[in-house]
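What the coordinates show
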Amino acid sequence: MRVALALVLPFVLWSQSAAAITAPELRGQRSVQDLQPDMHGRNLQQQEFLKANLEGFDLSGTDLRGAVFNTTNLEGANLHAANLEDAVAFATRFDQADLTDAVLRNAMLMNSKFTGAAIDGADFTDAVLDLPQQKALCGRASGTNASTGVATRDSLNCR
């Protein structure tokens, strides 16, 4: 009986700890482990950032096309001129982030917050935003994106 218990117990303990984290979260943790606070100009296309704390990170000029941010903290992050085209950011905090001249075309930004984010020149063309966030962004939208030539107000469909 002791031998059988000794063989089964490690498997039971392993299976309980393995169930505590999902495969996407594990991939996201591996991605975040490779990140440093200064990621300026890097290629991070299609990376997954799940429940990541990237507060204050420098992601300016970074290629984040197709990246996935799920409940990620990007508060105060520098995303100046970052390319977030086709990115998915569900329930992500962009509060106080610098999104000036960022490209967010076709981005899915549901349940994400942009309180105090700098958006001068950001291109939100065809991005999906919650209506209250879109209206709040329109209240301070200005400028034209340096790379796409699209006015921020036009990209947000402001009236």
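Calculation notes
- Residues numbered from 1 in each chain as written.
- Predicted model: local features only at pLDDT ≥ 70, side-chain atom pairs only at ≥ 80, totals over all residues.
- Heavy atoms only, no water.
- Helix = DSSP H or I, 4+ residues; strand = E, 2+ residues; numbered from the N terminus.
- Buried < 20%, exposed > 50% of the residue type's maximum accessible area, 1.4 Å probe, protein only.
- Contact = heavy atoms within 4.5 Å.
- Areas by Shrake-Rupley, 256 points an atom, 1.4 Å probe, with all protein chains shown as cover.
- Phe/Tyr/Trp six-rings, centres within 6.5 Å; stacked < 30°, edge-to-face > 60°.
- Disulfide = S-S within 2.5 Å.
- Arc of directions from axis to C-beta.
- pLDDT = per-residue confidence, 0-100.
- Salt bridge = Lys/Arg side-chain N within 4 Å of Asp/Glu carboxyl O.

All right, on to the overall build of the protein chain then. Within the protein chain, the secondary structure is distributed over four helices and five strands. A buried classification covers 37% of the 159 residues belonging to the protein chain. Within the protein chain, contacts between residues separated by at least 24 positions form 12% of all contacts whose residues are at least 6 apart in sequence. Taken as a whole, the protein chain presents about 8600 Å² of accessible surface, with 54% of it coming from carbon and sulfur.

To continue, consider the packing of aromatic side chains. Here the structure, examined in full by the defined rule, presents three aromatic pairs. Residues Phe94 and Phe114 carry aromatic rings whose centres are separated by 4.8 Å and whose planes lie at 0° to one another, so their mutual orientation is stacked. Residue Phe94 is found in the loop between β3 (88-90) and β4 (108-109), and its partner Phe114 is found in the loop between β4 and β5 (128-129); the two are separated by 20 residues along the sequence. With relative accessibility at 1%, the residue Phe94 sits in the buried group. Their ring planes at 80° and their centres at 6.3 Å tell us that Phe114 and Phe124 sit as a pair that is edge-to-face. Linking Phe114 in the loop between β4 and β5 with Phe124 in the loop between β4 and β5, this pair joins segments that are ten residues apart in sequence.

This paragraph deals with the state of the cysteines. Taken as a whole, this structure holds one disulfide when the rule is applied. Each disulfide pairs two cysteine sulfurs, and for Cys138 the partner residue is Cys158, the sulfurs being separated by 2.0 Å. Note on the Cys138 and Cys158 pair: the S-S dihedral is about -90°, so by sign convention the disulfide is left-handed. Note that Cys138 is positioned in helix α3 (residues 131-138) and Cys158 in the segment after α4 (152-155), a separation of 20 residues in sequence. For the residue pair Cys138 and Cys158, the accessibility class agrees, reading buried in each case.

Below, the discussion takes up α3. Along α3, the positions that sit buried rather than exposed are Gln133, Gln134, Leu137 and Cys138. Along α3, the residues classed as buried sweep out an arc of 135° about the axis, all on the same side. In α3, the exposed residues that point more than 90 degrees away from the buried face are Leu131, Pro132 and Lys135. Buried positions along α3 lie against β5 and α4.

Right, let's talk about the environment of Gln46 for a bit. By the element assignment, Gln46 lies in the loop between α2 (23-33) and β1 (48-50). Taking the relative accessible area as the measure of exposure, Gln46 reaches 63% and is therefore exposed. Considered as a pair, Gln46 and Asp63 are 17 residues apart in the sequence and their alpha carbons are 9.2 Å apart. Setting aside residues up to four positions removed in sequence, Gln46 forms contacts with Arg65, Gly66 and Ala67.

Before going further, it helps to examine the confidence of the model for the protein chain. Considering every residue of the protein chain, the mean pLDDT works out to 86; 79% of them sit at 70 or more. Under a pLDDT of 50 for its full length, residues 3-19 has, in the predicted model, one contact with residues more than four places off or in other chains.

Scanning the entire structure with this criterion turns up three salt bridges. Note that Arg65 and Asp63 form a salt bridge whose closest N and O atoms lie 2.6 Å from each other.

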